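Notes for the structure review
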Amino acid sequence: MNKDIERILVTEEELHAISKKLGEKITRDFAGKKLLVIGVLKGSIYFLTDLSRYIDLPCHIDFIQASSYGDSTESSGVITITKDVDKDLSGFDVLLVEDILDTGNTLKYIHDMLSTRNAESISVVTLLDKPSRRKANIKADYVGVDVPNEFVVGYGLDFNQYYRNLPYIGVLKRSVYED
């Protein structure tokens, strides 16, 4: 285990099982639809990769990137789109893939922005849900696992751009991010 990790919350094996379970449910729910999977960068890259392997449907994949954290553990509240989707959403059933649904502010902003673009529907899948921190009125249609109100990293989630490559979800030691 990485020396900066207090404990592992979700193991590598559990992450793959979550992706499989969600991918199979999404396959059933989106059968016969024109699916566009949109990953919210950068955190969703590992989850989107594993999840998409279990979605047994033809689908398009695109990405959007928003920023509100900077180098902090708390969102600034100011959301900036740094990379927009390339695809025209018209006629697609969109599945937004998020790493963690925390306050919900960024995801709500993205969801509201994309809902003006003529998609047939917009659904949300999140690997991790932290409902105790929700501020925005948004919830995921598909949730991998609920997590406690602790700062988690790994499997795409970062602190100051580090720890994304950990193969599990771990709680970061407070000494790493508190001065």
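Values in this document were obtained by computation on a predicted structure and should not be read as measured data.

Details of the packing of helix 1 (residues 12-29) against helix 2 (residues 45-53)
Look at helix 1 against helix 2: their axes get within 8 Å of each other, and the N-to-C directions meet at 55°. Taken together, helix 1 and helix 2 sit at an angle that is classed as oblique. Where helix 1 crosses over helix 2, the handedness of that crossing is right-handed. In contact with His 16, Ser 19, Leu 22, Gly 23 and Ile 26 of helix 1, helix 2 contributes Phe 47, Asp 50 and Leu 51. Among the residues making up the contact of helix 1 with helix 2, the classes are represented as 4 nonpolar, 3 polar and 1 charged.

Details of the packing of aromatic side chains
One pass over the full model with this rule turns up 4 aromatic pairs. Feature note: the residues Phe 151, Phe 159 and Tyr 177 constitute an aromatic cluster, connected by ring pairs. For the cation-ring pair, Lys 33 lies above Phe 30, with the distance from its terminal atom to the ring centre recorded as 5.7 Å. One residue, Lys 34, lies across the ring of Phe 92, its end atom 4.4 Å from the ring centre.

Overview of the sheet that holds strand 3 (residues 59-67)
By way of backbone hydrogen bonds, the strands of a sheet pair with one another, either parallel or antiparallel. Strand order in this open sheet of 6 strands is 4-3-2-5-6-7, and the pairing throughout is mixed. On the outer flanks of this sheet lie strand 4 (80-83) and strand 7 (142-146), each paired with one strand and no other. On average, each strand axis in the sheet is tilted by 25° relative to the strand beside it, whichever way the strands run. By the bridge criterion, 4 bridges tie strand 6 (residues 121-129) to strand 7 in an arrangement that is parallel. Its bridge partner lying in strand 7, Val 125 is registered against Tyr 142.

Some points on the pattern of salt bridges
Scanning all chains against the criterion turns up 14 salt bridges. Taking the shortest distance from any N to any O, the salt bridge between Arg 7 and Glu 6 comes out at 3.1 Å. Taking the relative accessible area as the measure of exposure, Arg 7 reaches 32% and is therefore partly exposed. For Asp 102, the salt bridge goes to Arg 133, with nearest N and O atoms at 2.6 Å. In this pair, Asp 102 sits in the loop between strand 5 (93-101) and helix 3 (105-114) while Arg 133 sits in the loop between strand 6 and strand 7, placing the two residues 31 residues apart along the sequence. Of the residues examined, Asp 102 reaches a relative accessible area of 11% and is grouped as buried. A residue is classified by how much of its surface remains accessible, and Arg 133, at 17% relative accessible area, is buried. Ionic contacts of the salt-bridge type, sharing partners, join the residues Glu 6, Arg 7 and Glu 150 into one network.

Here we look at helix 3
For helix 3, the set of buried residues is Thr 106, Leu 107, Ile 110, Met 113 and Leu 114. Taken around the axis of helix 3, the buried residues stretch over an arc of 130°, which confines them to a single face. Along its buried surface, helix 3 packs onto strand 2 (35-41), strand 3, strand 4, strand 5 and strand 6.

The rules behind these values
Residues numbered from 1 in each chain as written. Predicted model: local features only at pLDDT ≥ 70, side-chain atom pairs only at ≥ 80, totals over all residues. Heavy atoms only, no water. Axes fitted to C-alpha atoms, helices over the stretch in contact; angles between N-to-C directions. Helix = DSSP H or I, 4+ residues; strand = E, 2+ residues; numbered from the N terminus. Parallel < 35°, antiparallel > 145°, perpendicular 65-115°, else oblique. Left-handed = near helix turned anticlockwise from the far one by under 90°. Contact = heavy atoms within 4.5 Å. Nonpolar A, V, L, I, M, F, W, Y, C, P; charged D, E, K, R; others polar. Phe/Tyr/Trp six-rings, centres within 6.5 Å; stacked < 30°, edge-to-face > 60°. Lys NZ or Arg CZ within 6 Å of the ring centre and 35° of its normal. Pairing = 2+ DSSP bridges. Salt bridge = Lys/Arg side-chain N within 4 Å of Asp/Glu carboxyl O. Buried < 20%, exposed > 50% of the residue type's maximum accessible area, 1.4 Å probe, protein only. Arc of directions from axis to C-beta.

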